[in-house]
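Chains, contacts and geometry: an overview
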Amino acid sequence: MGRKTLIPIGPYHPLQEEPELFKLYCDGEIVTDIKWETGYNHRGIEKLSESKTYDQVFFLVERICGICSTSHPFAFANAVEEIAGVEIPDRAKYIRTVIGELERIHSHLLWVGLAGHFLGYNTVFMWAWKYREPVLDLFEMITGNRNSYAMFKVGGVRRDIENHKIPAIRKEMSVIRKKIDLLTGAVMDDPVIHARTKGVGVLTKQDIIDYAAVGPTARASGIATDIRKDDPYAAYPLVNWKVITAQEGDVFAKAEVRLLEMYESVSIIEQCIDALEKLKEGDVSLKINEIPAGIGMGRAEAPRGEVFHFVVSDGSNSPARHKIRAPSYTNIATFRKSCIGQTIADATLSLAAVDPCYCCTERMAAVYDNSTGERILNAGELIKLSLERTKEIRKSVAGHE
Amino acid sequence: MHSDYKTKIVGFKDFVFRKSLWVFHFGGASCNNCDIEILDCLTPRHDLERFGIMLVGSIRHADVLLVNGSINMRDRDRLLELYDQAPKPLLVVAIGACGCTGGIFAEGITFAGPVDKIIPVDAYIPGCPPKPEAIIAGVARLAGRKT
Ligand code: SF4
């Protein structure tokens, strides 16, 4: 062979904060190098933010990423409240936490579904997304919208979760717990999934430290980093929960961490709604008349890791400078470690493990580069490779097709 | 240059779009919510495929181009190229506030114009994000079916 193959993944990665074009350089089946390009999704949000008032910025940061549409307002609220030096009412803290954890459940379910799809288990994809719907229904009930909840504001939340809605949330939580049981059972006990994901895309503890990876990516390699514990905010210090970690650092460990985290989220939500029932209804925000000059840093644990917002205020009604760092920014760099040296079918899985999206694969085209003779595979071929691999393993595991 | 085919082959167009619609999804500089809701349409609760509507991986197979997200300068040329590659007649649907007008990003420094300034658009599905029901209703109505 000797001919190098270039596989582009992207450019449009709709599930990430920063859509990229990944280029996998392959020698035969083995990935030898990986490069990425950004800018396809640049919208100038930090600049836009300077032209909006503090109230409006919440709607803007919510639209940085549709899946993390609580994490960004969360971090921004933490930053602005640090400048203003206010402590929000307890009820608002619990409501923020409920929304944040509901988001984590829906995001992790979404990931499980996409990972399943990519392994060739479309049933997992369909089921996970089916179980995600009730979570979105809860969102619709609580906030009025399935995504982009517009719940946050400086000093509290915009809407209360009235006590009469709580029984419905509690009921839904017990249903969701059963569904997660089912999914976890399906993933943990499946020999084919074990064969496809164990020992694939391994990131060691040292790699995580070197690349400063965050979130489930880091926790799957045995590093117990979680902003909810490390720099507690909202109601996280008020409820009981634990940080889930795994040691292996492979794709399976990442799936395991995410699945088990959903149980924690369910339990956090249950504790929060218990607490909400005891608090007075309606006391959900402070009236804040001005934001003094100063700087504020806000952090929040998004489903994918730490979101960081830095806000400079000059005492006017809009931020003078607003800097945002999303978790994928550091997690993406780990691809160099997890993908190089793997086969293509495994490399694409390792990319998925960090939680980018494979909608991108629907947008690839097969192209031959005339000048270099590099062949560019398309989405269908890529998925087919992965599917074939699963099929082979399934055959060898079961002894027949 | 893109608009004249429309007037000439109206009858043919009707013929083509009476069958199953194959959809290609282009996500510009979006916040993903629209993308996710489009994918959500395929999953069991909404099940877009019962109308014969299917997402395809290549624009050359598509009858419908769904565009969501604001279009930035980098996306613009790619969108134009995709439009040129697409077999005609083609229905273009702009999804979401961003697709229809640019939405919250219209004042952004990289904004290159709403979709209809770049390619001709046949239908708009507003919302931020539009619900899957709205997306299905929009596409199905385009196909001339009762939803
Ligand atoms: S219309 Fe709203 S949900 Fe859709 S991409 Fe734009 S900001 Fe996101």
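What counts as what
Residues numbered from 1 in each chain as written. Chains lettered and ligands numbered in written order. Predicted model: local features only at pLDDT ≥ 70, side-chain atom pairs only at ≥ 80, totals over all residues. Heavy atoms only, no water. Helix = DSSP H or I, 4+ residues; strand = E, 2+ residues; numbered from the N terminus. Buried < 20%, exposed > 50% of the residue type's maximum accessible area, 1.4 Å probe, protein only. Contact = heavy atoms within 4.5 Å. Pairing = 2+ DSSP bridges. Axes fitted to C-alpha atoms, helices over the stretch in contact; angles between N-to-C directions. Near = heavy atom within 4 Å. Nonpolar A, V, L, I, M, F, W, Y, C, P; charged D, E, K, R; others polar. Salt bridge = Lys/Arg side-chain N within 4 Å of Asp/Glu carboxyl O. Phe/Tyr/Trp six-rings, centres within 6.5 Å; stacked < 30°, edge-to-face > 60°. Lys NZ or Arg CZ within 6 Å of the ring centre and 35° of its normal. Lys, Arg positive; Asp, Glu negative; His and termini not counted. Polar contact = N/O pair within 3.5 Å; in protein donor to acceptor, adjacent residues only side chain to side chain. Parallel < 35°, antiparallel > 145°, perpendicular 65-115°, else oblique. Left-handed = near helix turned anticlockwise from the far one by under 90°.

1. Considering the overall build of chain A
- In terms of regular secondary structure, chain A is built from 15 helices and 10 strands.
- For chain A, the proportion of its 401 residues judged to be buried stands at 61%.
- Here the contacts in chain A between residues at least 6 apart in sequence split such that 69% fall between residues at least 24 apart.

2. Looking at the sheet that holds strand β8 (residues 321–325) of chain A
Residue and element names in this part refer to chain A.
- Read from one edge of the open sheet, 3 strands run β6-β7-β8, paired in antiparallel fashion. Looking along the sheet, the strands with just one partner apiece sit at the ends: β6 (294–302) and β8. Taking each pair of neighbouring strands and ignoring which way they run, the sheet shows an average axis angle of 10°.
- With 9 bridges connecting them, β6 and strand β7 (residues 305–313) associate as antiparallel partners. The residue bridging Ile295 from the neighbouring strand is Val312, located in β7.
- This element, helix α2 (residues 54–62), spans β7 and β8 of the sheet and lies at about 155° to β7.

3. Considerations on the pairing of β7(A)
All names here are of chain A.
- Turn length for the β6-β7 hairpin, with the two strands adjacent in sequence and antiparallel, is 2 residues.
- Direction of pairing for β7 relative to β8: antiparallel, over a ladder of 5 bridges. In the sheet register, Phe308 faces β8, and the bridge partner there is Arg325.

4. Quick notes on the site of the ligand
- The environment of the ligand is formed by A:Arg63, B:Ser30, B:Cys31, B:Asn33, B:Cys34, B:Gly96, B:Ala97, B:Cys98, B:Gly127, B:Cys128 and B:Pro129.
- Two or more chains meet at the ligand, and those chains are chains A and B.
- Elements with a contribution of two residues or more to the shell around the ligand: α3 (33–40) and α5 (96–101) of chain B.
- A per-element tally of the shell around the ligand places α5(B) first, with 3 residues.
- Broken down by class, the residue content of the shell around the ligand amounts to 6 nonpolar, 4 polar and 1 charged.

5. A look at the pattern of salt bridges
- This model, assessed by the stated rule, comprises 31 salt bridges over all chains.
- The closest approach of N and O atoms between A:Arg146 and B:Asp40, which form a salt bridge, is 3.1 Å. Of this pair, A:Arg146 sits in the loop between α5 (122–143) and β4 (152–153) while B:Asp40 is found in helix α3, placing the two residues in two different chains.
- Salt-bridge contacts for A:Arg228 lead to A:Asp226; the nearest nitrogen and oxygen are separated by 2.8 Å. Residues A:Arg228 and A:Asp226 agree in their burial class; the two are buried.

6. A closer look at the packing of aromatic side chains
Residue and element names in this part refer to chain A.
- Considering all chains together, one arrives at 9 aromatic pairs over all chains under this definition.
- Pairing Phe58 with Phe76 gives two aromatic rings, centres 5.0 Å apart and planes at 75°, and the pair type is edge-to-face. Here Phe58 is found in helix α2, whereas its partner Phe76 is found in helix α3 (residues 71–84), with 18 residues between them in sequence.
- Look at Phe58 and you get buried, because its relative accessible area is 2%.
- Between Phe125 and Trp129 the ring centres are 5.4 Å apart and the planes differ by 65°, which places this aromatic pair in the edge-to-face class. Placement of the pair is Phe125 and Trp129 together in helix α5, with a separation of 4 residues, close to one helical turn. Each member of the pair, Phe125 as well as Trp129, carries the same accessibility label: buried.
- Members of the aromatic cluster, connected to one another through ring pairs, are Phe74, Phe152, Tyr233, Tyr236 and Trp241.
- The residue whose ring lies beneath Lys229 is Trp241, and the NZ or CZ to ring-centre distance is 4.1 Å.

7. Structural notes on the side chain of A:Asp250
Residue and element names in this part refer to chain A.
- Within the element layout of this structure, Asp250 appears in the loop between α10 (227–230) and α11 (251–278).
- Here Asp250 is buried and forms no salt bridge, its nearest opposite-charge partner Lys198 lying at an N-O distance of 6.5 Å.
- At 3.0 Å, the side chain of Asp250 and the backbone nitrogen of Ala253 are in polar contact.
- Beyond its immediate sequence surroundings of up to four residues, Asp250 is in contact with Thr197, Lys198, Gly199, Val200, Gly201 and Val202.

8. A few points about the packing of helix α6 (residues 166–188) of chain A against α11(A)
All names here are of chain A.
- As a packed pair, α6 and α11 sit with axes 10 Å apart at the nearest point and diverge in direction by 165°. Between α6 and α11, the angle is such that the two are roughly antiparallel. The handedness of the crossing between α6 and α11 is left-handed.
- Of the residues belonging to the contact of α6 with α11, the class tally is 15 nonpolar, 3 polar and 7 charged.

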